[in-house]
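# Observations on chain architecture
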Amino acid sequence: MFAENLRALRKAKGLSQEELAARLHVVRQTVSKWEKGRSVPDADLLVRLAEELDTTPAALLGPEVPPEAEGGGTAEQLGRIAEQLAIKNRRARRIWKIVAGVLIAFVAVNLLLVLLNAAAFSSFTTEAEVAVEGQAVPAEETFQSP
């Protein structure tokens, strides 16, 4: 059912396989495989596909279930599961992006502190060298024991 539903909805929207593939960031051959029934999209891609075609994942996976029908069909349940998986995947990606951002910020702050420390140390040693060169320090005074 998915292959026929996909083809019908895509054509109803006036989209070619290539246009739909570009919107989903997949190659045209992937859409062709879906329409021939050779493969199916993963849960996240199924939700994005349904959004592009202005429908629900349940409508893509099987016949439209009448609203007054009790119990819900397999296609509707699969659609809900696909939506939940897609939401979970988006949350996980968002969390990893935040963790990566915090880690990058931490590394950047540490590098900045190291550079500032190196610059301060460099200016301190340069000032000390200038002070020593400006004064004539006798050799016997430099190595006196107490």
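As shown above, the structure is provided for reference.
To start, this report covers the structure provided alongside it. (Residues numbered from 1 in each chain as written. Predicted model: local features only at pLDDT ≥ 70, side-chain atom pairs only at ≥ 80, totals over all residues. Heavy atoms only, no water.)

## Describing the pattern of salt bridges
It is possible for side chains of opposite charge to pair when their charged atoms get near one another. A complete count under the given rule lists six salt bridges for this structure. When the shortest N-O distance is used, the salt bridge between arginine 93 and aspartate 44 registers 3.0 Å. Of this pair, arginine 93 sits in helix α6 (residues 74–134) while aspartate 44 sits in helix α4 (residues 43–52), and the two are 49 residues apart along the sequence. Residue arginine 90 pairs with glutamate 51 through a salt bridge whose shortest N-O separation is 3.9 Å. (Salt bridge = Lys/Arg side-chain N within 4 Å of Asp/Glu carboxyl O. Helix = DSSP H or I, 4+ residues; strand = E, 2+ residues; numbered from the N terminus.)

## A look at the packing of helix α1 (residues 2–12) against helix α3 (residues 28–36)
Relative orientation of the contacting elements α1 and α3 amounts to 125°, with a least axis distance of 6 Å. The angle between α1 and α3 falls in the class oblique. Here Phe2, Ala3, Leu6, Arg7 and Arg10 of α1 come into contact with α3, specifically with Val31, Trp34, Glu35 and Lys36. Residues of the contact of α1 with α3, tallied by class, amount to five nonpolar, no polar and four charged. (Axes fitted to C-alpha atoms, helices over the stretch in contact; angles between N-to-C directions. Parallel < 35°, antiparallel > 145°, perpendicular 65-115°, else oblique. Contact = heavy atoms within 4.5 Å. Nonpolar A, V, L, I, M, F, W, Y, C, P; charged D, E, K, R; others polar.)

## Considerations on the nonpolar core
One broad rule of soluble globular proteins: the nonpolar side chains tend to lie buried together. Residues Phe2, Leu6, Leu20, Trp34, Leu49, Leu53 and Leu60 are the most contacted members of the largest nonpolar core, which totals 16 residues. At the level of elements, α1, α2 (17–24), α3 and α4 are the ones that each hand at least two residues to this core. It is α4 that contributes the most residues to this core, five residues altogether. (Core = buried A, V, L, I, M, F, W, Y, C linked by side-chain atoms within 4.5 Å. Buried < 20%, exposed > 50% of the residue type's maximum accessible area, 1.4 Å probe, protein only.)

## Description of the environment of leucine 49
For leucine 49, the location among the structural elements is in helix α4. Residue classification places leucine 49 among the buried positions, given a relative accessible area of 0%. Through-space distance from the C-alpha of leucine 49 to that of leucine 60 is 8.9 Å; in sequence the pair is eleven residues apart. Sequence-distant contacts of leucine 49, defined by excluding residues within four places in its chain, comprise Phe2, Leu6, Leu20, Leu24, Trp34, Pro41 and Leu60.

## A closer look at the side chain of asparagine 5
Secondary-structure assignment places asparagine 5 in helix α1. According to the relative accessible area criterion, asparagine 5 is buried, its value standing at 18%. If near-sequence neighbours (up to four positions away) are discounted, asparagine 5 is found in contact with Ala59, Leu60, Leu61 and Gly62.

## A short note on α2
All buried positions along α2 are accounted for by Gln17, Leu20, Ala21 and Leu24. All buried residues of α2 fall inside an arc of 100° around its axis, so they share one side. Turning to α2, the residues buried within the fold contact α1, α3 and α4. Looking one or two residues beyond α2, the residue adopting positive phi is histidine 25, at roughly 60°. (Arc of directions from axis to C-beta.)

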